[in-house]
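The primary structure of each chain is shown beneath.
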Amino acid sequence: MIEMKNVSKWYGKFQVLKNCTTRVDKGEVVVVCGPSGSGKSTLIKTVNALEPFQEGEITVEGISVGAPGTDLPKLRSRIGMVFQNFELFPHMKVVDNINLAQIKVLGRSKEEASAKSMSLLKRVGLDGHAQKHPGQLSGGQQQRVAIARGLAMDPIAMLFDEPTSALDPEMINEVLDVMTELAHEGMTMMVVTHEMGFASRVAHRVVFMDAGEIVEDAKKEDFFGKPRSERAQHFLSKILHH
Amino acid sequence: MFTGFDFDVIQKSLPYLWQGMQFSLGLTLLAMLGGIVIGTLLALMRLSSFKLLSYPAGAYVNLVRSIPLILVIFWFYFLIPVLIKKLTGNPYASGIGPFYSALIAFTMFEAAYYCEIIRAGIQSVPRGQVSAAYALGLTYRQATTLVILPQAFRNMIPILLTTSIILFQDTSLVYVVGLTDFMGAAGKIARRDGRLVEMYLFAALVYFIICYSGSYFVKTLQARYNVGRN
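All of the points below concern the structure found in this document. (Residues numbered from 1 in each chain as written. Chains lettered and ligands numbered in written order. Predicted model: local features only at pLDDT ≥ 70, side-chain atom pairs only at ≥ 80, totals over all residues. Heavy atoms only, no water.)

## A closer look at the overall build of chain B
So the rule is basically this: Put simply, DSSP H or I for four residues or longer makes a helix, DSSP E for two residues or longer makes a strand, and each gets a number counted from the N terminus. Each residue is placed in one exposure class: buried if its accessible area under a 1.4 Å probe, protein chains only, is under 20% of its type's maximum, exposed if it is over 50%, and partly exposed if it falls in between.
On a plain count of helices and strands, chain B comes out with nine helices and zero strands. Ordering the α and β elements of chain B from the N terminus gives α-α-α-α-α-α-α-α-α. Based on the C-alpha atoms only, the size of chain B along its principal axes is roughly 70 × 55 × 25 Å. Among the 230 residues that make up chain B, the fraction classed as buried is 43%.

Spelled out as structure tokens, the structure:
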């Protein structure tokens, strides 16, 4: 469904992505991990063209992301995205956050959108908070609203960019639980995260990045069982034993 | 202490002063609205990555902000009739009158100042908000009008109002093109009746009350917004 071929990106002279090639199939959960500054977030943001890239090709269901004629708003509306800092719109109520793009992009009526939003809020356990503003919710609650906002567009895939990194420890699980449920329902997911427990339980494949390169791209069992590269071994030994 | 002063002159001239005040308030309000609309457009142009938009907007803002307001008022007053004659080719074409030329001058002058405020307001909205809006499939226009500007304006309201209070004081400059605002009305009566001290004291008091209540309103507004934030 998502295919990346030899994607490279530079900020000025500094190369942040080096010949990255990977894919996410329908119904697959791919976790992208690696040390900070390795280009994970940049990589995931190239999928919906929030970050442009200079070389290589990315296709989503056969549609080229980098091609000049591509209708980017339309492409993006089909891919849900969840950000590290939630990025709910603070001037709108929770329900309006979820309604906005349904109405403005998909052309749903207000009633239709609200019904969808309410059922999604119920699903993430927040139906009592629809009329609040994001600032009145905890980080974990805001992130669950953000997931609902992405799902409201009936996306073909969901991208998660470090969805739990900005959360207090006690709130991480409520977000991971929603994501796990989503994965079990067969949602196609690409997840940048440091949560190796989540990766080992939920992921099908793990992509390990370091210094802008995809160093390892393996089935979960292989990655956690016997990572081939020294860099991945080093990373895992640091992240798993503390 | 006030022996020899005649404060009756104020009461007798209240209707005339009120006319002047209506003019001042009207001009302030219109110039403010026009200035904010044009200022927003200028700010969006200045922030554009498209140089054909950002450079002219930047040049305009820097030019206007380097010139005294009184000169801008003169310019528009004398330039617009010349322009109209040139454009229509009719040497007898009449101008647009002092009011409209003053209104245009104030609007264009204030737009430059509002532009800088609005630009800062837009930049105060976190970059991630733009990404989130785009990620949902919103277009540039939708992201700007639905997500960015509402937040930017909320952050900017205090300073926009403060600038507008200064604009209200500046409208007293319209006397240079022969218009009579509140200050002008007070001045005329002061000279007619020889009651300069009384009238100018009164005018100062009125300006003080209006501007001080305005600032006070801004302060309470600021306090309220800070409470509701995050």
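## Regarding the interface of chain A and chain B
For clarity, the threshold we go by: We call two residues in contact when some of their heavy atoms are within 4.5 Å. Summed over both partners, the accessible area lost on bringing two parts together, with a 1.4 Å probe, is the buried area. A side-chain nitrogen of Lys or Arg and a carboxyl oxygen of Asp or Glu constitute a salt bridge if their distance falls within 4 Å.
Each partner contributes residues to the interface: chain A has 21 residues there, and chain B has 18 residues. Together chain A and chain B conceal approximately 1600 Å² of surface at their shared face, both sides included; 69% is due to carbon and sulfur atoms. Considering only the side of chain A, the residues that lose the most area to chain B are Glu-87, Phe-89 and His-91 of chain A, jointly responsible for 29% of the buried surface there. Where chain A meets chain B, there are zero salt bridges.

## Observations concerning the sheet that holds strand β6 (residues 79–82) of chain A
Residues and elements named next belong to chain A. Rules: By this definition, two strands are paired if DSSP reports at least two bridges between them. To define axes, lines are fitted to C-alpha atoms, for helices over the stretch in contact only, and angles between the resulting N-to-C directions are given on a 0 to 180 degree scale.
Pairing in this open sheet of six strands is mixed, and the strands run β6-β7-β8-β3-β9-β10 from one edge to the other. At either end of the open sheet lies a strand with only one pairing partner, and these are β6 and β10 (213–219). When strand polarity is set aside, the average angle formed by the axes of neighbouring strands in this sheet is 15°. Sitting on the sheet, helix α6 (residues 169–184) is in contact with β3 (29–33), β7 (157–161) and β8 (189–192), with an inclination near 150° to β8. Of the strands in this sheet, β3, β9 (205–210) and β10 touch helix α9 (residues 230–240), which is tilted by about 100° from β9.

## Here's the deal with the sheet that holds strand β2 (residues 14–24) of chain A
Sheets are built from strands that pair by backbone hydrogen bonding, the pairs being arranged parallel or antiparallel. All names here are of chain A. Across the sheet, four strands lie side by side as β2-β1-β4-β5; this open sheet has antiparallel pairing. Strand pairing shows two members of the sheet lacking a second neighbour, β2 and β5 (63–64), which therefore form its edges. For strand β1 (residues 2–11) and β2, the ladder comprises seven bridges, and the chain directions are antiparallel. Counted as the bridge partner of Lys-9 is Leu-17 from β2.

## Considering empty space enclosed by the protein
Residues and elements named next belong to chain A. Test applied: Using a 1 Å grid laid over the protein atoms alone, points where a 1.4 Å probe fits but cannot get out form a cavity; open sets with protein on both sides within 12 Å along at least 5 of 7 lines form a pocket; any residue with an atom within 4 Å of a point counts as lining. Grid points are joined across faces, edges and corners, and a volume is the space filled by probe spheres set on the points. All residues other than Ala, Val, Leu, Ile, Met, Phe, Trp, Tyr, Cys, Pro, Asp, Glu, Lys and Arg, Gly among them, are scored as polar; the first ten of these are nonpolar and the last four charged.
Overall, the coordinates contain two cavities of 30 Å³ or more when judged by the stated rule. By volume, the largest cavity is sized at about 50 Å³. As for the largest cavity, its lining consists of Arg-123, Val-124, Leu-151, Val-178, Glu-181, Leu-182 and Glu-185. In terms of residues, the lining of the largest cavity owes the most to one element, α6, which gives three residues. Residue classes in the lining of the largest cavity are distributed as four nonpolar, no polar and three charged. Size it by volume and the second largest cavity reaches roughly 40 Å³.

## Some details on the environment of Pro-134 of chain A
All names here are of chain A. The topology assignment puts Pro-134 in the loop between α4 (110–123) and α5 (139–151). For Pro-134, a relative accessible area of 3% corresponds to the buried category. For the pair Pro-134 and Gln-54, spaced 80 residues apart in sequence, the C-alpha separation works out to 36 Å. Leaving out residues up to four positions away in the same chain, Pro-134 has contacts with Leu-88, Phe-89, Pro-90, Met-92, Val-94, Asn-97 and Gln-142.

## Observations concerning the pattern of salt bridges
Residue and element names in this part refer to chain A. Summed over all chains, the structure comprises 18 salt bridges over all chains. One salt bridge connects Asp-222 with Lys-226, and the closest N-O pair in it is separated by 3.5 Å. Three or more residues are tied together by salt bridges with common partners; here these are Glu-3, Arg-23 and Asp-25.

## Let's talk about the packing of aromatic side chains
Put simply, the test is: Pairing of aromatic rings covers Phe, Tyr and the six-membered ring of Trp, with a centre-to-centre limit of 6.5 Å; geometry is then stacked below 30 degrees between planes, edge-to-face above 60, and tilted otherwise.
What the rule picks out here adds up to 12 aromatic pairs over all chains. With a centroid separation of 5.3 Å and an interplanar angle of 80°, the aromatic rings of Phe-223 of chain A and Phe-224 of chain A are classed as edge-to-face. Here Phe-223 of chain A falls in the buried class, since its relative accessible area comes to 0%. With 5.1 Å between their ring centres and 70° between their planes, Tyr-77 of chain B and Phe-78 of chain B make a pair best called edge-to-face. Judged by its relative accessible area of 27%, Tyr-77 of chain B falls in the partly exposed class. Taken together, Phe-208, Phe-223, Phe-224 and Phe-235 of chain A form an aromatic cluster joined through their ring pairs.

## Thoughts on the packing of helix α2 (residues 14–47) of chain B against helix α3 (residues 51–65) of chain B
All names here are of chain B. Put simply, the test is: The cut-offs work like this: below 35 degrees is roughly parallel, past 145 is roughly antiparallel, 65 to 115 is roughly perpendicular, and the gaps in between are oblique. In this scheme the handedness of a crossing depends on how the near helix is turned from the far one: anticlockwise by less than a right angle means left-handed, clockwise means right-handed.
Relative orientation of the contacting elements α2 and α3 amounts to 125°, with a least axis distance of 7 Å. Taken together, the axis directions place α2 and α3 in an arrangement best described as oblique. Taken as a pair, α2 and α3 cross one another with a handedness that is left-handed. Along the contact surface, α2 presents Leu-42, Met-45 and Arg-46, while α3 presents Leu-53, Ser-54, Ala-57, Gly-58, Tyr-60, Val-61 and Asn-62. A class-by-class count of the residues in the contact of α2 with α3 yields six nonpolar, three polar and one charged.

## Describing the pairing of β8 of chain A
All names here are of chain A. Keep this limit in mind: Think of it like this: strands point away, you trace from the first strand over the helix to the second, and a clockwise trace means the crossover is right-handed.
The two faces of β8 match: Met-189 and Val-191 on one face and Met-190 and Val-192 on the other face are all buried. The pairing of β3 with β8 spans four bridges and is classified as parallel. From the neighbouring strand, Val-30 faces β8, where its bridge partner is Met-190. After leaving β7, the chain enters α6 and then returns to the sheet as β8, a path that is right-handed.

## A word on helix α7 (residues 140–170) of chain B
Stated formally: Here the expected length of a helix is defined as 1.5 Å per residue gap, with one fewer gap than residues. To get the bend at a given residue, fit one axis to the seven residues ending there, fit another to the seven starting there, and take the angle between those axes.
Under the 1.5 Å per step criterion, the end-to-end length of α7 of chain B is only 36 Å for 31 residues, more than 12% shorter than the ideal 45 Å. Met-156 of chain B marks the point of greatest bend in α7 of chain B, at about 55°, and the proline Pro-158 of chain B comes within the next four residues.

## Structural notes on unusual backbone geometry
If you check the backbone angles, Asn-19 of chain A has positive phi at about 50° while not being a glycine. Within the secondary structure layout, Asn-19 of chain A lies in strand β2.

This is a description of form; function is not addressed.
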